[in-house]
Amino acid sequence: MQLRGGDKRPTIRDVASVAGVSRGTVSRVLNGGERVSRQARDAVARAIAETGYTANHAARTLALGRSNTVAFLLSEPQHILFEDPTFARLMGGCTRALAEHGMLLTLVTAGTPADRERAVGYVAARHVDGVLLVSSHAVDPVAEELIATGVPTVVCGRFPGLESRISMVGADDLDGGRQMTGHLLDQGACTIAHITGQMDTPGGFGRLEGYKEALAAAGLPVRPELIVHGDYSRESGAEGMRALLERVPDLDGVFVASDLMAAGACAVLREAGRRIPDDVRVGGFDDAGVAEHLDPELTTMRQPFERISREMVRLLLSRIDGEGDASVFLPSTLIRRAST
């Protein structure tokens, strides 16, 4: 189609003329309206291709009251994004999933009370259409504050007490802890220790409960001296392993609640002259990249980060479209390597 004015940009009027429909019909097609026949949709699509029409994104944003942008709100200090690969993998997966819908992801960190106040204010001002909240803490005040804004929000993990008020997506930590402890038992370990994550996190208490359940199922007691608490860092894994070796030098297995902590624990075992897996069998959790680079390579529970990211985006888009809250918890997979 040759438009008057040579290189003048085509308009909705031009698309409507070529398609043989009203401008209102073209507008409904562009905005995803459902009250349009299949024939009209096809005609508009052909006319857009013929005229080279491109919708004015800013005008559509104003008309729909949407920014076409979602916040990835990391309720942690910003450096965690670079130190713990799980957060980067989640953000990457969410970015890819949103791109398929033509939407952008913006990173917002809220590691301090002041940062949290600014982040919630930014969300409340409707600069974004929704929020993907990622926090290692199961009791996080920012979740309640986001609910109060009314902006659609999906959290990563299980937030006790908020099940009916916010959408959640995560791995089944309890079952993962049960599987890993059961695997160590199956491999012949009898005195199995556990280095937990922080106990105010879904992974911390969920994986500990799974450890306890697997011991109970095997008829073994839960011995408090075999449990130490870490904070998901490599250093806390090393400190926890030193404490365990002092308390129970004859331990022959350890389930560590994250691969980073497991890396620290393995280093301490080597320093103590304990061979892995001959003397001590070691299992981790996450499979976020560290596990394959340890020597020996680490047996771990693989979290389905890509599926978690996609489910978070799917539920958030449903919430943005007016649907109610829903939650999805996905199984982790045992990945056997040389450490067990």
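Heads up: the structure comes first, above all this text.
Note that the structure is predicted; figures quoted are calculated from it, not measured. (Residues numbered from 1 in each chain as written. Predicted model: local features only at pLDDT ≥ 70, side-chain atom pairs only at ≥ 80, totals over all residues. Heavy atoms only, no water.)

A. Region of the structure containing the sheet that holds strand β3 (residues 130–134). If you walk across this open sheet you meet the six strands as β2-β1-β3-β4-β5-β11, and the pairing is parallel. With partners counted over all chains shown, the strands left at the sheet margins are β2 (104–109) and β11 (327–330), one partner each. Neighbouring strand axes in the sheet, compared pairwise and without regard to direction, differ in orientation by 20 degrees on average. Pairing of strand β5 (residues 167–171) with β11, which is carried by four bridges, proceeds in the parallel orientation. (Pairing = 2+ DSSP bridges. Helix = DSSP H or I, 4+ residues; strand = E, 2+ residues; numbered from the N terminus. Axes fitted to C-alpha atoms, helices over the stretch in contact; angles between N-to-C directions.)

B. Broad picture of the nonpolar core. Core analysis: the largest hydrophobic core is formed by 41 residues, its most contacted members being Ile-195, Met-241, Val-254 and Val-282. Contributing elements (two or more residues each) for this core: α9 (173–186), β6 (192–196), α10 (202–217), β7 (227–229), α11 (234–247), β8 (253–256) and α12 (259–271). By residue number, the principal contributor to this core is α12, which donates eight residues. With residues near it in sequence (within four places) discarded, Ile-195 still touches Val-228, Gly-230, Gly-237, Gly-240, Met-241, Leu-244, Val-254, Phe-255, Val-256, Ala-257, Met-261 and Ala-265. (Core = buried A, V, L, I, M, F, W, Y, C linked by side-chain atoms within 4.5 Å. Buried < 20%, exposed > 50% of the residue type's maximum accessible area, 1.4 Å probe, protein only. Contact = heavy atoms within 4.5 Å.)

C. Focus on the packing of aromatic side chains. Taken as a whole, this structure holds one aromatic pair when the rule is applied. Arranged with centres 6.5 Å apart and planes meeting at 40 degrees, the rings of Phe-255 and Phe-285 form a pair that is tilted. Of the two residues, Phe-255 is situated in strand β8 and Phe-285 in the loop between β9 (281–283) and β10 (300–302); the sequence distance between them amounts to 30 residues. For Phe-255, a relative accessible area of 0% corresponds to the buried category. Note that Arg-158 overlies the ring of Phe-329, its terminal NZ or CZ placed 3.8 Å from the centroid. A cation over an aromatic ring shows up here: Arg-207 above the ring of Phe-285, its NZ or CZ 3.8 Å from the ring centre. (Phe/Tyr/Trp six-rings, centres within 6.5 Å; stacked < 30°, edge-to-face > 60°. Lys NZ or Arg CZ within 6 Å of the ring centre and 35° of its normal.)

D. Up close: the pairing of strand β4 (residues 153–156). Alternating residues of β4 divide into Thr-153 and Val-155 and Val-154 and Cys-156, and every residue in both groups is buried. In terms of strand pairing, β3 meets β4 through four bridges, oriented parallel. The partner of Val-134 across the bridge, within β4, is Cys-156. By the bridge criterion, three bridges tie β4 to β5 in an arrangement that is parallel. Bridge pairing links Cys-156 to Val-169 in β5.

E. Spotlight on the pairing of β3. Burial analysis of β3 places five of its five residues in the buried class, which makes it a mostly covered element. Across the two faces of β3 the burial is the same, with Gly-130, Leu-132 and Val-134 and Val-131 and Leu-133 all buried. Pairing between strand β1 (residues 69–74) and β3: five bridges, direction parallel. Bridge pairing in β3 places Phe-72 opposite Leu-132.

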